[in-house]
Amino acid sequence: MPESIIAGIPVHFPFEPYEVQRAFMEKVIICLRDGTNGVLESPTGTGKTLSLLCSSLAWIRTRQSEQQKQIRKLQDAANNTKVGPTGIVPGEAAELALTVGKANNWGVPKVIYASRTHSQLTQAMRELKRSAYAGMRSVVLGSRDQLCIHPEVMREQGNSNKVNMCKMRVHSKTCSFQLRVESKKDHPDFRGPSIMDIEDLVKVGQKLKMCPYFASKELVNDADITFMPYNYLLDPMARKANKIELSNTIVILDEAHNIEKICEESASVQIKSSDVAVAIEDVTHIMRIFTSADSQDFSGDEPKDFTLDDLTLLKEMLLELEKAIDGVVVDNLAEGTTYPASYMYELLAKANFTYGNCASIVALLDKLVQYLMVASQNNSSMIMRKGGSFLVLAELLTIVFANKEDIMAKVHRSFKVHVEVEEAKQNAGKPAPKQQQQGGWLGKGNNTSNSSSSNKAKVINFWCFNPGFGMEQLLNTQVRSVILTSGTLAPLKPLIAELAIPVAQHLENPHIVDQSQVYVKIIGTGPDRQQLISNFKNRDNPKYISSLGQTILNVSRIVPDGLLVFFPSYPMLNKCVDAWQTSGLWADIAAKKPIFLEPRGKDQFTTTMEEFYQAIRDSKGACFMAVCRGKVSEGLDFADRNGRAVIITGLPYPPLKDPKVILKRRYLEANRTKENQLLTGQEWYNLDATRAVNQAIGRVIRHRHDYGAILLCDSRFQDNSQVQQLSKWIRGHLGARPQCSPFGPIVRELRQFFRHAEETMEQPKERTDEPLLKNVYKTEAVTQENNEEKPLFKVKREPGQMATNAAAFKQANEMAIKVEMTNSIKSWTPDDYVSAAGRTQSHSQSKPPNAMDFMSRLDSNVSSIDFNSTGTGNLVKIHKRERSSPTFGDTKSSSQLKKRYKLVDNIKTEPSTSSSCSSSINSSSSTSSSSICCSQKEAPESRADFLREVRCFINQDEFRDFGKALLAYKNGGDEAFESLMSLLFKLLGKPQMRYLLLGIRRYLKNEHKAEFDKRVAT
């Protein structure tokens, strides 16, 4: 890969970096070198993730090489046993320095790469795999929900239940998967790959019967870069649970446009009256077990690191807390009442929860959770109590008392307590709480029964409005550098002010695409001249909803392949869908493109996305309707054909009457000064909507050669205040004075834009990389055993085909499938078809056509195909349409759309150049002639071609044994070599396969080649 010297560091990039990428990497390296922080914005599609990884890991590698030199010097000094003039032995000092250096990773920082979702992390790891730094050690941290493979734990409903069940089984040593981690953690299948994402960890864990969750933590100490979601890094409880060490680390926060909100949420907490009531019941239940005759049934296994006195004291405190919450006055039952931050500390103090006893109470609550988990497992007849209320209370105490007493003035400015009535949040039709039925929560009878607001169940919210608290906790861990980056960070100054982080480097990059690659317009009216504006007054207007549907329908007729439509909210999406289905617009749009709706469930989401991508591959095109701030708009990749246009149907403002939004605006107005440059409440409100729009727009342009259209279907986008908050590169396309354009000219311009783009832009060429020798067996085994990959079509056998040709036919079928899977570009050349068939150009030129290449040769520019001695005497004419995507408006002549092929038998060929596959097909040839033919051949040089040829001669079970032997030999010694040789002579010992036996020599270790030659010769 090309090497570039950037800020004095050699950086290996997959290609010559663009100027924006070079500027971005220079800022990153300067931050790492100087130990400073940076806020860097680079539009989506400029290679931001790849630039981040390459620059940071290049700097790490340079530091590692410098430290290696220092280590060698210390090792040389350690061998010096002479006593110096001061009486100190230099060797002993050097040994001490080596020990200290090794314990501190020789002072070389490690990288923590954090993003919002695991899908974004998976994309980042995919970028790392294709870079020059793929050999550096990396690991991803996931949750138990993603990594656990224990069947009983996975049957638990809810993540907290899975966590507690896992903790219980680990504590009681009843999880066989976790117990195998120590013995399997150094297994080659686990330590071998340098990069493993969530799916890789799960597969290896299932293969080795080892817990992927705990095994992944074994890789952290040796990893150069660790991938994790935001909450693992910013949430103090999550950071503690995952044992994340941040001292002298480089923290990269990618997709950081949501970082303010995440920091606020990590410092906020909520507790309900029902949580306290259930906690009281759980404590009472445990006390009942302690004092009942049945307590002996539970005294065997469960941990009881607490006494009855501890439980009695905790119950008294909880009863006082419940009494204090019941005494909170809520003046406005509909919207709730707001109190200052000090009110939360006063509330907890009434129940004797203080800074002094907080840590011991949290520890006690954790022990109670473990006790309940064990007890519920031992006695299935008892009511299932998992201790969820204890976890809520522990989180409350941890977050509230995480703020030190010496910064209470800042806490009072940045936090608010908002109290709501819990019944108001319940769905209609639910039964009344037991408090109303029995005169008190769960029938305790300690509350007077009246209908005043003070006795209603309440929700106590402790909200943080200053994201600087979360960042301050991060900076206090002695990190070396924090780098925040995204495509939509601007304006940078208010962001830096809100985070209260010292920033030495900042950057706002332009885009790398040309003006001709992007078409941006504001559509103010629909085809019926109805104004398009999705404000509160107009969103229920049936004429507006109909006009918006007509707009989408007309655009879907012009835009090829994928069309993305983003709505401000789920209610607005559902309202439009219902109206369009009633009017018939839905069916009209679906007739042009299949429609996919963004689901809320994780499992449904994955299935929907797969179906959408498949519709694009099938050249049907597709329309995906989603919501701003949803999963689709926040990080998924719709490159090339997957997303040729995006429609924004409105501005996704936060709910105006939401108490949290109201309090956030008040906080900004109260704390804004000329010095800190905070936004006003209204500016923040507008910016929150525009940033969500910028994120949705960024789904379309994903790389340098991509192109697409951006249609803003809301007349408010022409307002100057909205335009100024759009991404800088978008503003350049709208011009100095953006105006709404009439719908008619937009349709004409849009059609011309895509016609011009298809004629001038390089169309995407999707290719499937050839697998490496060490990975072929694994892929083959997974495909054959689990049937995970199903072919798009199957080639039917001709009637009367002989059974002896089964293997040959299967190979032809596989080649045909491979050609079909890769056929997703506008036009193909003979070289493309040669590549799709798995052969190099030189290989294809040196070998004539053969029966095994029938399906792939059918797609290349040849006029005859040799069937050797199949006995066909007739000439067959085949009319075949060229496979090309219909979505690009191909203008080829009719003579080019059809090609005529003539199949001719008995073409004379040289014996030395016939392929192994044709030899296997030629069942009518004599054994002697076949032996002569194959003895003169040479094995293919390509690993994949070699394995493909071996697969022609042996069956599935033999090929599986062959793959296992190769993998064992790769990681083994002489015994593995002996086993491999035995299998090779068994499988490839026949005369017609001798050339393959000789070809295996190039894959052997040097120390075994002489022995191999000796055995083959004899």
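Residues numbered from 1 in each chain as written. Predicted model: local features only at pLDDT ≥ 70, side-chain atom pairs only at ≥ 80, totals over all residues. Heavy atoms only, no water.

Undergrad: I keep staring at the overall build of the protein chain and nothing clicks. Help me out?
TA: Check the secondary structure of the protein chain and you find 46 helices and 21 strands. Among the 1018 residues that make up the protein chain, the fraction classed as buried is 51%. About 47,600 Å² of surface is accessible on the protein chain, with carbon and sulfur atoms providing 50% of the total. (Helix = DSSP H or I, 4+ residues; strand = E, 2+ residues; numbered from the N terminus. Buried < 20%, exposed > 50% of the residue type's maximum accessible area, 1.4 Å probe, protein only. Areas by Shrake-Rupley, 256 points an atom, 1.4 Å probe, with all protein chains shown as cover.)

Undergrad: Help me out: how do you make sense of the pairing of strand 19 (residues 708-712) in this one?
TA: Successive residues of a regular strand alternate their side chains across the two faces of the sheet. Burial runs high along strand 19: five of the five residues are buried. Burial along strand 19 is two-sided: G708, I710 and L712 facing one way and A709 and L711 facing the other are all buried. With five bridges connecting them, strand 14 (residues 518-522) and strand 19 associate as parallel partners. Counterpart to V518 in the pairing with strand 19 is G708. (Pairing = 2+ DSSP bridges.)

Undergrad: What am I meant to see in helix 44 (residues 974-988) here?
TA: Quick reminder: α-helices carry 3.6 residues per turn. Residues three or four places apart thus point the same way. Taking 1.5 Å of rise per residue, 15 residues should cover 21 Å, and helix 44 covers 20 Å from first to last C-alpha, within 8% of that figure. Looking at helix 44, one finds that the buried residues are A976, F977, L980, M981, L983, L984, L987 and L988. (Expected span 1.5 Å × (residues − 1).)

Undergrad: How should the packing of aromatic side chains be read in this particular structure?
TA: The way to describe two aromatic rings as a pair is by their centre distance and the angle between their planes. Tallied over the entire structure, the rule returns 24 aromatic pairs. Considering the side-chain rings of Y213 and F214, the 5.1 Å spacing of their centres and the 90 degrees angle between planes classify their relative orientation as edge-to-face. For the residue pair Y213 and F214, the accessibility class agrees, reading buried in each case. Ring geometry for Y345 against F401: centres 6.0 Å apart, planes inclined by 75 degrees, an arrangement best described as edge-to-face. One end of the pair, Y345, is in helix 18 (residues 342-350); the other, F401, is in the loop between helix 20 (388-400) and helix 21 (408-414), with 56 residues separating them in the sequence. F401 gets classed as buried once you look at its relative accessible area, which sits at 9%. Joined through ring pairs, the aromatic side chains of Y345, Y355, F401, F415, F462 and F469 make up one cluster. Above the plane of the ring of F605 lies K631, whose end atom (NZ or CZ) is 5.3 Å from the centre. Taking NZ or CZ as reference, K1005 lies 5.1 Å from the ring centre of Y969, over its face. (Phe/Tyr/Trp six-rings, centres within 6.5 Å; stacked < 30°, edge-to-face > 60°. Lys NZ or Arg CZ within 6 Å of the ring centre and 35° of its normal.)

Undergrad: Just to check I follow, could you spell out the nonpolar core for this structure?
TA: Side chains of a nonpolar character, in soluble globular proteins, are inclined to be buried together. Counting 64 residues, the largest nonpolar core has V11, Y113, L128, Y133, F190, I225 and F227 as the members making the most contacts within it. Here this core gets eight residues from one element, more than from any other, and that element is helix 2 (residues 48-78). With residues near it in sequence (within four places) discarded, L128 still touches L53, L57, Y133, A134, S138, I195, I225 and F227. If you look at the next biggest cluster of nonpolar residues, it comprises 56 residues, including A267, I280, I325 and C358. (Core = buried A, V, L, I, M, F, W, Y, C linked by side-chain atoms within 4.5 Å. Contact = heavy atoms within 4.5 Å.)

Undergrad: So what exactly am I meant to see when it comes to the packing of helix 29 (residues 659-671) against helix 30 (residues 681-697) here?
TA: Geometry of a packed helix pair, given as the angle between the helix axes and the separation of the axes. Put simply, helix 29 and helix 30 touch, their axes get as near as 8 Å, and they point 130 degrees apart. Classified by the angle between their axes, helix 29 and helix 30 sit oblique to one another. Along the contact surface, helix 29 presents V661, K664, R665, L668 and E669, while helix 30 presents G681, Q682, W684 and Y685. Residues that form the contact of helix 29 with helix 30 fall into these classes: four nonpolar, two polar and three charged. (Axes fitted to C-alpha atoms, helices over the stretch in contact; angles between N-to-C directions. Parallel < 35°, antiparallel > 145°, perpendicular 65-115°, else oblique. Nonpolar A, V, L, I, M, F, W, Y, C, P; charged D, E, K, R; others polar.)

Undergrad: Could you clarify how one ought to interpret the pairing of strand 15 (residues 562-567) in this entry?
TA: Counting buried positions along strand 15 gives six out of six residues, so the element sits mostly inside the fold. The two faces of strand 15 match: G562, L564 and F566 on one face and L563, V565 and F567 on the other face are all buried. Alignment of strand 15 against strand 17 (residues 622-627), held across six bridges, turns out to be parallel. Bridged to V565 within strand 17 is M625. Bridging between strand 15 and strand 18 (residues 645-648) involves four bridges; their strand directions are parallel. If you follow L563 over to strand 18, its bridge partner there is A645.

Undergrad: What should I look at first to understand unusual backbone geometry in this one?
TA: The phi angle of most residues is negative, glycine excepted, and most peptide bonds adopt the trans form. Non-glycine residue K173 carries a positive phi angle of around 60 degrees. Tracing the backbone through its elements, the reader meets K173 in the loop between helix 7 (159-171) and helix 8 (176-179). Positive phi values are uncommon outside glycine, yet Q478 reaches one of about 65 degrees. Locating Q478 in the fold gives a position in the loop between helix 23 (468-475) and strand 12 (481-486).

Undergrad: How should I be thinking about the packing of helix 25 (residues 542-558) against helix 33 (residues 743-760) in this particular structure?
TA: Put simply, helix 25 and helix 33 touch, their axes get as near as 10 Å, and they point 25 degrees apart. Comparing their axes, helix 33 and helix 25 come out roughly parallel. Note that helix 25 runs across helix 33; the crossing there is right-handed. Across the interface between the two elements, T551, N554, V555 and I558 from helix 25 touch F743, V747, L750, R751 and F754 from helix 33. (Left-handed = near helix turned anticlockwise from the far one by under 90°.)

Undergrad: Would you mind showing me how to read the sheet that holds strand 16 (residues 595-597) here?
TA: Adjacent strands of a sheet form backbone hydrogen bonds with each other and so pair up, either parallel or antiparallel. In spatial order, the strands read 14-19-18-15-17-16; together these six strands make up an open sheet with parallel pairing. With partners counted over all chains shown, the strands left at the sheet margins are strand 14 and strand 16, one partner each. Going from strand to strand, the sheet's axes swing by 15 degrees on average, the running direction of each strand aside. Helix-sheet contacts for helix 28 (residues 602-617) involve strand 15, strand 16 and strand 17, and the interaxial angle to strand 17 is about 150 degrees.

Undergrad: Can you walk me through the environment of G999 in this structure?
TA: Along the chain, G999 turns up in helix 45 (residues 994-999). For the pair G999 and E941, spaced 58 residues apart in sequence, the C-alpha separation works out to 8.4 Å. Excluding residues that lie within four positions of it along the chain, G999 makes contacts with A939 and F946.

Undergrad: Can you help me understand the pattern of salt bridges in this one?
TA: If charged atoms from side chains of opposite charge come close, those side chains can pair. Tallying each qualifying case throughout the model produces 28 salt bridges. Of the charged contacts in the structure, one is a salt bridge between K129 and D200, with a shortest N-O distance of 3.5 Å. Of the two residues, K129 is situated in helix 4 (residues 118-129) and D200 in helix 11 (residues 198-208); the sequence distance between them amounts to 71 residues. Exposure remark for K129: the relative accessible area of 40% places this residue in the partly exposed category. In this structure, the salt-bridge partner of R1015 is E1011, at a minimum N-O distance of 2.8 Å. One end of the pair, R1015, and the other, E1011, are both in helix 46 (residues 1006-1017), four residues apart, so they sit about a helical turn from each other. Taking relative accessible area as the criterion, E1011 reaches 30% and is therefore assigned partly exposed. If you follow the salt bridges from partner to partner, you end up with K48, D254 and E255 in one network. (Salt bridge = Lys/Arg side-chain N within 4 Å of Asp/Glu carboxyl O.)

Undergrad: Just to check I follow, could you spell out the sheet that holds strand 9 (residues 337-340) for this structure?
TA: The antiparallel open sheet is built from four strands, whose spatial order is 8-11-10-9. In this open sheet, the two strands that pair with only one neighbour each are strand 8 (269-272) and strand 9. Looking at each pair of strands side by side, their axes are set apart by 20 degrees on average, direction ignored. The sheet contact formed by strand 9 and strand 10 (residues 415-421) spans four bridges and is antiparallel. Residue pairing across strands places T338 opposite H418, the latter belonging to strand 10. Against the sheet, helix 20 contacts strand 8 and strand 11 (458-464), and its axis sits at roughly 140 degrees relative to strand 8.

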